[in-house]
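Survey of secondary and tertiary structure
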Amino acid sequence: PSDIDIVDMFDLNRFNYQDRHSFLNTFKKKFREGYVEGYTKSNLEIIKLSYDEGLHHGEYIGKILGRNYGAKDYFENNTLNYTRNMPSDSTIIEKFLLNSDVTEYVEGFLVGFKRAYEKSYNECYRAMNLAIHRRTFEMGYNQGKISGMIKGETKALEDYYFKSEKNWRKHLSTQARLIRE
């Protein structure tokens, strides 16, 4: 605003020249500082918003692809190595059409993609490994339980019909013998 506008706005005519001049100089200086700070802050918020959106979107896509490649590598008997199939920055930019977006969005997308890709790849690979081994253990336990019940009932019937001593411990097998059976 002009000096006349400021004088009218704040009714500065009631002050002497020196006070009015001091007020105008201080007002202009602080107005300029406030303007620069406000402009910078609003510009940074827009940049931050673009970066955060890119980060969120990149995490979403990276999580899906990381999970897929983690499972693929596990079932192909590859070692755990999330970098094996991770696309390069240029491939990600090209594949997801990021060339037409602002730099901040692209940077956020790449960071989010890579972070989520690595995390979900490792989680999926390890979860597959755990599921296979857990299932084997659980099935082995259940099969051992069923086999033990059947064998125990059979030995109990033998003891009953042959009028042998009632002692289940005499029929216990060694682990090596159980494995062979």
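I will try to describe carefully the structure that is included in this document. (Residues numbered from 1 in each chain as written. Predicted model: local features only at pLDDT ≥ 70, side-chain atom pairs only at ≥ 80, totals over all residues. Heavy atoms only, no water.)

**Things to note about the side chain of Ser50**
With respect to the helices and strands, Ser50 occurs in helix α2 (residues 17-75). The contact partners of Ser50, leaving out residues within four places of it in the chain, are Val102, Glu104 and Tyr105. (Helix = DSSP H or I, 4+ residues; strand = E, 2+ residues; numbered from the N terminus. Contact = heavy atoms within 4.5 Å.)

**Things to note about the pattern of salt bridges**
The full count for this structure, using the stated rule, is six salt bridges. Between Asp11 and Arg14 there is a salt bridge, and its shortest N-O distance comes to 3.6 Å. Under the relative-accessibility criterion, Arg14 is labelled exposed at 58%. Close ionic contact of Glu76 with Lys72 constitutes a salt bridge, the shortest N to O distance being 3.3 Å. Judged by its relative accessible area of 43%, Glu76 falls in the partly exposed class. (Salt bridge = Lys/Arg side-chain N within 4 Å of Asp/Glu carboxyl O. Buried < 20%, exposed > 50% of the residue type's maximum accessible area, 1.4 Å probe, protein only.)

**Concerning unusual backbone geometry**
With a phi close to 60°, Asn77 is a non-glycine residue in the positive phi region. Inspection of the secondary structure puts Asn77 in the loop between α2 and α3 (89-95).

**Re the nonpolar core**
The biggest cluster of nonpolar side chains holds 11 residues, and these are Leu65, Met86, Ile92, Ile93, Leu98, Tyr105, Val106, Phe109, Leu110, Phe113 and Tyr117. Among the secondary structure elements, those contributing two or more residues to this core are α3 and α4 (103-161). A per-element tally of this core places α4 first, with six residues. In contact with Leu65, other than residues within four places in its own chain, are Phe96, Phe113 and Tyr117. (Core = buried A, V, L, I, M, F, W, Y, C linked by side-chain atoms within 4.5 Å.)

Don't take any of this as a statement about function, it's just geometry.
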